Every structure is written in C-alpha cells, then in structure tokens.
Amino acid sequence: MGIKGRKKRERERLAKQAEIAEDRDGEEYDSDDEDAPPPFLVFGNGPFAPPGSAPKMSQSQRFRMMDESVLERYRDDHANRKSSHIKKKRSRDEDEEVDEESLPLMHHFHDAEELVKLSQQQSLAKKQDITGCRFGHPLLGLDERVVTALLTEGFSRMTRIQERVLPLALEGYDILGQAKTGSGKTLAFSIPILHGAQTIVPKSPKSCLALILGPTKELCVQIHQILGNIAEHLNAAARQERSSGPLLGVRLITGGTSVLEERKALQSGSAHIVVGTPGRITDHVRHCVGWKLSTLRYLVLDEADRMLADGFQRDLDYIIGATPKSRQTLLFSATNSKSVHELARLSLSKTPLFIDTKSAEPKFVDEELANAVAPPFRVLQDVVDDNEAAIDEDGVPATSSTNDHAGEDIPSALHQFCALVPVEDRLRALYVFVKRVARVAKAMVFCSTVASTTFHCQMMGSVGFHNEVLMLHGQMKHRQRLATFAAFNEWSTGVLFCTDVAARGLDIPHVSWILQYDPPLDPTEYVHRIGRTARAGNVGNSLIFLTPEESRFIKYLTNFGIHMEAYPVPEKLPRIQEKLEHVLQLDPVVAKSAVIAYRAHVGAYLSHILKETFDVHRIDLDGLAKAFALTSTPNVSLPKTSAEEKQDYVKGKIKSLNKRKGQAIRHYEQMKTKQQWTDDGSFVGMSRPKRSLSM
Ligand SMILES: Nc1ncnc2c1ncn2[C@@H]1O[C@H](COP(=O)(O)OP(=O)(O)OP(=O)(O)O)[C@@H](O)[C@H]1O
C-alpha cells in the first residue's frame, strides 16, 4: 500500500473512530460529565500525534498502520479459507461465545448497572475520606490567596495526611510523610511551598525557592500541572491586585527537552518552583551558570525510595549537598521502607518529624527509626538476608510480623484478587481480561519488562483492540511518553500496558482495574502498582496473575498484611490460541517482539529477588512459549542448578582422570624397554625407546 492509500485509510479510520468515540461517550458511567474530552485515538493518528496535526507519520504510526494492514490481511486470509475451515471456525467461535458466557471473570468485570452502583459507592467513599478541616480554618493560618486558589481548584477540605502534615509543615518542620496511595500527599507538600511563595517571591523575585524531585517524568509532569494550575489562580489574583510585580513561576525540568531552553528559564530567575527528575536537575546544578540552589527554602523528595532504587543516590547526594542547611525538607512516600529512613537521616536536618495517618500523633524521625525494623524492600543485600534466609515451614520466605506494614498502605476501598493461571494459558486469560474491561472501564496492565509491555500491547492491538490499548515504558521517547500519559488521562475507557515506570505517584482518573500480569519485584511495588486505582476515596479492583508454581507468592504477600481473594479462574478459556499464533505468522514485527519478550521474561525471572518462588528452573518453557503465542520454543541459556553443577563437576573430574590415565598408559608403552629374543629363544639385549617419540 502506498503512502496515499495509507493516508486515505487513515482518514476513513479517523471518521470511524470519531463515531466510536461518540458511541462510547454514551456508554460512560460518568455520563453527566459533558465537558469530558473525547477519548483519544490510539493508533495511526493516536496519542503520539494528536488529531489535526501534520500528516507526517512517526515510526510508531507507521507501525500501527502496518498493524492495520496486517489485520486486513488477517481478515482476508480468513475470508478465503475453504468452507470446511470456515465451518470449523464458526463452531470454534460458538464455543468461544459459550465459554465466555460461562466465564466467572465476567462476574467481576463490571456491566453498566454495576458501574452506576460503583459510582454511587465511590462518591460515598470519597465523602468519608475527605472530611478534614477546611483549608481556610483560621488556626491553620494558610495564606488567604492560597485558600482561594485551592477552592477554585475544587479543594475545600483536607484529606487525613494533609490535616496532619500542613500545620507542622507551615511551622517549618522537616517532615518524613507516609500515607496510603492516592491520599493527597502531593498537596500536602505543595501547599506549604505555595504559602511560603506568597511572601518570598515579592522579596526575592529572581531566586529559586523550592525544588521538588520525583523519580519519573510522568510524576513530575503531574506535580507540575497541579502546582501550575494553582499558581495560575494566584497569579490571576495578583494581576488584579497590582499591575506590576513578580508572578509565581513553576518550571518543569525532566530531560527530553532542550537543555539550553531549560537553562535559559532557570537563569532568568523566573522559575521560583522547580519540579524535576534527579538526573536532569543534577546536570543543571553542575553546569547551569547563574542558577544556584543557595537560596532554596524548600526541598521535596517525592517517592524517595524509588529514586534510590533507580540509582539516583549519587544525584540526590549532590543536589542535597548544593542546597543550604537552612532549607525545609519534606520527604514523602506511600510505603515505609528502610531506604526512605536512610535518606531521611541524611537529608532531614531540622527536628524531623515522622507523620503518617495511622499513629495517634507525629513522632520524631529518630524515634520512628528506632522502632522501624526494615522491611526487605529494594536494598538487595537486605532482600537476600531477610527474605531468602528466613523461610517458613512451607518454604515461603517469611518476614518479621512486626514489620509487615505494606498491607496497611492499601486503601480500604480497593478489592484485591489473585488468579492462578497455568503458564500456557496466560495470554488467553489476558485476552479475556482486555475483552471484558477495555470498552467499559479503564485498566492498567503491569508487565515486568519493556519487551513484555510492547509485545502484549501489540498483540492485543492486533486482535481487535487497536483503539483501546496504549503502552507506556521507560524506553519510549520523551514526547511519546508524555503524549501517551496525557492521552490515557483523557480516556474514559481503555487499557494501558506499562512497566513500573507508571507504578509510582501517577494520578490517572477513573482507573478501576489494575492487572499485574507479571509479578512485582516486592510488596512495595505491589502496593504502588495497585495504588493507581481506588484513589482519593474511590473504589477500585486489582488482580494479579500467578502460575500455580508461583502461588506461594500469595502467602509471602500475606506476611506483609496483603490479603487477596481468590479469583475464579474459568475452567475453559476461549479457544483463541490458534488466532493468537496466526498474528505472529502474519506480522513479523509482533513475531519478533514475541521472541524478545519471551527471552526478557526468562531474564526477569532469573533476576527476581525471590529466587525460591520465581525459580527459573521450574518454568515450563514450552508452556511459556505458548504464552507468547510462539509455536516453537526459542533457545535460552539457563544457569545450571546446583545438582547439575555437581553432576558436571563429577563428570569433569572423571573425564580428566581418564585422560591422564590414557596419557600415562601411552607414555608407558612408548618408554618401556623391550626385551629382544632370537628365534631360538636366546636373549640378545634391550631396545632403547626412540627419543623422538612424543609423549
Ligand atoms: N483535599 C482534597 N480534596 C479533594 N481531593 C483531593 C484532595 N487532596 C488530594 N485530592 C485528590 O486525590 C487524588 C490523589 O492525590 P495525590 O496524587 O496527591 O495522592 P498521593 O497520596 O500522592 O498518591 P501516590 O502515593 O500514589 O503518589 C488526586 O486526584 C487529588 O486531586
């Protein structure tokens, strides 16, 4: 197909998708939201190039166009099959329908009625959750302009963590804050900064007063957006009050954009609040002449443990070193881990307080540290020591019962399920999930690798969910990542395939399902992944797929207070394996992705920290190949088991002994003196061995 043909097809598809979008608007459970923007288009002209942009095709578009033509070929291919094939297919389709009708999965994937009930529950839960003081409470002493701006943004009352943090943060304490996912931590650290800015900016209009660090671009974009929106109201009010004077500037620094542009903005002094990722900020601290952190008043480290786990320790050390000791530091995370406490010890200076929503009152960080027995998160040395060393009688890695806090960080309106799916059925089970959820709800599917994310998104796109799936991972280009994130935010239904890059802090509206298709690395990551739903008092569901061989991970999570209901796995999944395999035959791009994802899956398994639970030697590799729609099992080199290693050692020893024995015999044969006798039997002497003979 030529480029013109593609463009024509693209235009047709655009029109079709616009129709679908209209239909979908009617189906939304939040249907009274008339202002809701139409769902983004995924492929072709999808989020990577919003509608109306230049027709130039990006690589991803081309790929998706190819997908479209692949689908067409796929359809033609099926249409041209002999009648017997068609009959067979029909009966198979009927089977499929019957199977799916009887799927218990359906019971959990909401239908329209359920969704109405759900939204009622949601508003009730929300009311119960946000019942704190008003932001305008006189005892809080929050700047009135900030209160008004918050009200304009729709925030009138505080959440529990805000109620606890704000009075102390406004007094200038250093704070280590911890609260459930989606409980409003972003405003808890943003409001003190906005309050302080009201007096600091007019006095020092050219200085940077706050630096907020987050682990991912998406999280920084989100924080920047929240602060930016409130700052806009503040600036509008300031313009009305006085005709001149400095306005509050909030600047995003995350890489992927022009360094020079960023430098100019920082040097101009108009960036009073800077939000960024540690890598890029370090770069500017080092090289941006004229931008100094010596005037900094507030330093915020959001999801600090993730920043440490991602290898930003040195950057963080450097940035903290460049800030003045007099700064106020606010450190936040949804999970309470040892690495956060370590960072707290290093970065918090002024009488640091530990504030969470469980304790009766704030504690001093040192006191909290003394009580904290580190859960085995992230710091690999600890993981090995704590997890693998302590195995209970069922062979499940155990934890100290005083430590297992992770479960307490889960919102109560979040329903957690676990499904045991045999390895060879995983892809079909995923298909069922996507089919049931993609057009009625919003879901995120977490995969452990970029390759797995890519393959599963491509595969689901190829089997009919072109308009319902998106992917997000760290190897995408900056622009693509941000566009995808923005698009999924806008969607009312659909599925986002993602890596753990989307696990932290992201506040994507209306996500009602989280599927952990690949297992998380540890309970912390589990909690953060599922925390993308049931936010701010809403209800949500999470589901994790495990194979029966991995089932003791459930018990392991139980040790951390994470309890899941068993998810009824359908006895018969739709018979679509052949259809899935056919996609690979027709589309070399997906076929290549499948092999890469298969190998990456084995690699992820190999590097999983719970080696006993995720034992690479227990994987049924042929079954796993089926889970990637592969008809033959790709080669992978696995490390040897200890038994195999022992066997190899013994074999090697025997081999080398035999070799040496052979050499000795040969040597003896060559060197031995031979007696020589005459025919009549008389001895005539000894022959000497020839020196030239080699041994
Ligand atoms: N006072 C409030 N009133 C109403 N809604 C609020 C309030 N504070 C926060 N929210 C809403 O709650 C949601 C979650 O907030 P936020 O993203 O800050 O949570 P979080 O605790 O940082 O989550 P995570 O741990 O996942 O990063 C957002 O949609 C936000 O708009």
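Everything numeric here is computed off the predicted structure, so don't read it as measured data.

Rules behind the numbers
- Residues numbered from 1 in each chain as written.
- Predicted model: local features only at pLDDT ≥ 70, side-chain atom pairs only at ≥ 80, totals over all residues.
- Heavy atoms only, no water.
- Helix = DSSP H or I, 4+ residues; strand = E, 2+ residues; numbered from the N terminus.
- Buried < 20%, exposed > 50% of the residue type's maximum accessible area, 1.4 Å probe, protein only.
- Contact = heavy atoms within 4.5 Å.
- Areas by Shrake-Rupley, 256 points an atom, 1.4 Å probe, with all protein chains shown as cover.
- Pairing = 2+ DSSP bridges.
- Axes fitted to C-alpha atoms, helices over the stretch in contact; angles between N-to-C directions.
- Core = buried A, V, L, I, M, F, W, Y, C linked by side-chain atoms within 4.5 Å.
- Domains from an automatic or database assignment.
- Salt bridge = Lys/Arg side-chain N within 4 Å of Asp/Glu carboxyl O.
- Near = heavy atom within 4 Å.
- Polar contact = N/O pair within 3.5 Å; in protein donor to acceptor, adjacent residues only side chain to side chain.
- Nonpolar A, V, L, I, M, F, W, Y, C, P; charged D, E, K, R; others polar.
- Phe/Tyr/Trp six-rings, centres within 6.5 Å; stacked < 30°, edge-to-face > 60°.
- Lys NZ or Arg CZ within 6 Å of the ring centre and 35° of its normal.
- Right-handed = clockwise from strand over helix to strand, strands pointing away.
- Patch = residues over 30% accessible without salt bridge, like charges linked within 9 Å, V, L, I, M, F, W, Y side chains within 5 Å.
- Parallel < 35°, antiparallel > 145°, perpendicular 65-115°, else oblique.
- Left-handed = near helix turned anticlockwise from the far one by under 90°.

Q: Where do I start with the overall build of the protein in this structure?
A: A count of helical and extended segments in the protein gives 25 helices and 17 strands. Out of the 695 residues belonging to the protein, those deemed buried represent 51%. At a minimum sequence separation of 6, the contacts of the protein that also span at least 24 residues come to 75%. Accessible area for the protein stands at about 32600 Å²; split by element, carbon and sulfur atoms hold 52% of it.

Q: What is the right way to read the sheet that holds strand β15 (residues 565-566) from this model?
A: For sheets, the rule is that strands pair by backbone hydrogen bonds, running either parallel or antiparallel. Strand order across the open sheet formed by 7 strands is β11-β12-β10-β13-β14-β9-β15, with parallel pairing between neighbours. The strands lining the two open edges of the sheet, one partner per strand, are β11 (469-472) and β15. Along the sheet, helix α18 (residues 450-465) contacts β11 and β12 (494-498); its crossing angle with β11, the most-contacted strand, is approximately 170°.

Q: Help me understand the nonpolar core in this model?
A: The nonpolar side chains of soluble globular proteins are, as a tendency, buried together. Ranked by internal contacts, the top residues of the largest apolar core, which has 132 residues, are M444, M459, M460 and F497. If one sorts the elements of this core by residue count, helix α8 (residues 185-203) sits on top with 9 residues. Counting residues domain by domain, this core receives three or more from each of domain 1 (144-371) and domain 2 (410-627). In contact with M444, not counting residues within four places along its chain, are F488, L496, C498, A502, I508, V511, W513, I514, L515 and R532. Membership of the second largest hydrophobic core comes to 26 residues, among which are L296, A304, M307 and I319.

Q: What am I meant to see in the pattern of salt bridges here?
A: Close approach of charged atoms lets side chains of opposite charge pair. The full count for this structure, using the stated rule, is 11 salt bridges. D425 is paired through a salt bridge with R428; the nearest N and O atoms lie 2.8 Å apart. We note that D425, like R428, is buried. Between R535 and D507 there is a salt bridge, with its nearest N and O atoms 2.6 Å apart. Of this pair, R535 sits in the loop between α20 (523-530) and β14 (540-546) while D507 sits in the loop between β12 and β13 (511-516), and the two are 28 residues apart along the sequence. In this structure R535 comes out as buried when scored by relative accessible area, which is 12%. On the basis of relative accessible area, D507 is assigned to the partly exposed category, the value being 40%. In the salt-bridge network here, residues are joined through shared partners; they are E303, R306, R504 and E525.

Q: I tried to follow unusual backbone geometry on my own but got confused; where do I start?
A: Glycine aside, negative phi is the norm for most residues, and most peptide bonds take the trans geometry. The residue E303 is not glycine, and still its phi comes out positive at about 50°. Looking at the secondary structure, you find E303 in the loop between β5 (298-302) and α12 (304-309). Here the phi dihedral of A629 falls at roughly 60°; this positive angle occurs in a residue that is not glycine. Tracing the chain through its elements places A629 in the loop between α24 (621-627) and α25 (642-671). Judged by its relative accessible area of 2%, A629 is buried.

Q: Looking at this model, I keep getting lost on helix α11 (residues 278-287). Mind explaining?
A: Every α-helix carries 3.6 residues per turn, so stepping three or four residues along brings you back to the same face. Burial in α11 covers these residues: P278, R280, I281, T282, H284 and V285. As for α11, its buried residues are in contact with β2 (210-213), β3 (250-253), α10 (259-268), β4 (273-276), α12 and α13 (313-322).

Q: Looking at this structure, how should I read the site of the ligand?
A: Not every one of the 22 residues close to the ligand is listed here, only the nearest: R157, K185, T186, D507 and R535. One nitrogen or oxygen atom from the main chain of G184 is found 3.1 Å from an oxygen atom belonging to the ligand. In this structure, R535 approaches the ligand through a side-chain N or O atom, which is 2.7 Å from an oxygen atom. The fraction of the free accessible surface of the ligand (640 Å²) that becomes covered by protein chains is 88%. Counted by class, the shell around the ligand contains 7 nonpolar, 8 polar and 7 charged residues. Mapped onto the domain boundaries, the shell around the ligand takes at least three residues apiece from domain 1 (144-371) and domain 2 (410-627).

Q: What am I meant to see in the pairing of β5 here?
A: A regular strand places its side chains on the two faces of the sheet in alternate fashion. Counting buried residues along β5, 5 of its 5 residues qualify, which places the element largely inside the surrounding structure. Residues Y298, V300 and D302 line one face of β5 and the alternating positions L299 and L301 line the opposite face, and both faces are buried. The pairing of β2 with β5 spans 4 bridges and is parallel. Within β5, the residue paired with I212 across the bridge is V300. Examined bridge by bridge, β5 and strand β6 (residues 328-333) share 5 bridges and lie parallel to one another. Bridging across to β6, V300 finds its partner in L330.

Q: So what exactly am I meant to see when it comes to the packing of aromatic side chains here?
A: For any two aromatic rings, the description comes down to two numbers: the centre-to-centre distance and the angle of the planes. Tallied over the full model, the rule gives 13 aromatic pairs. Ring centres 5.3 Å apart and planes at 85° place the aromatic pair F417 and Y567 in the edge-to-face group. Placement of the pair is F417 in strand β9 (residues 414-420) and Y567 in the loop between β15 and α22 (577-586), with a sequence separation of 150 residues. For Y567, a relative accessible area of 4% gives the class buried. It is R286 that lies over the ring of Y318; its NZ or CZ is 4.1 Å from the centre.

Q: Any chance you could explain the pairing of β4 here in plain terms?
A: Burial along β4 is two-sided: the residues I273 and V275 and V274 and G276 are all buried. As judged from the 4 bridges shared by β2 and β4, these two strands associate in the parallel manner. Residue pairing for β4: I212 is matched across the bridge by V275. Direction of pairing for β3 relative to β4: parallel, over a ladder of 4 bridges. Its bridge partner lying in β4, L252 is registered against V275. You can see the chain leave β3, run along α10 and come back into β4, and the turn it takes is right-handed.

Q: Explanation requested: a nonpolar patch on the surface in the structure shown.
A: A contiguous nonpolar surface patch, about 310 Å² in accessible area, is contributed by Y649, V650 and I654. Relative to the helices and strands, I654 resides in helix α25. Classification of I654 by relative accessible area gives partly exposed; the value is 45%.

Q: What's the story with the packing of helix α6 (residues 144-152) against α8 in this structure? I'm lost.
A: Relative placement of two packed helices is described by the angle separating their axes and the distance separating the axes. Interhelical geometry of α6 versus α8 gives an angle of 135° and a closest axis separation of 9 Å. Judged on the interaxial angle alone, α8 and α6 are oblique. Helix-helix and strand crossings are classified by hand; for α6 and α8 the assignment is right-handed. Taking contact as the criterion, the partners of R145, V146 and L150 in α6 are, on α8, L187, I191, L194, H195 and Q198. The residue inventory of the contact of α6 with α8, partitioned by class, reads 5 nonpolar, 2 polar and 1 charged.

Q: Would you mind showing me how to read the side chain of S542 here?
A: Of note, S542 is situated in strand β14. Apart from the residues within four sequence positions on either side, S542 is in contact with L414, H415, Q416, F417, W513, I514, Y526 and I530.

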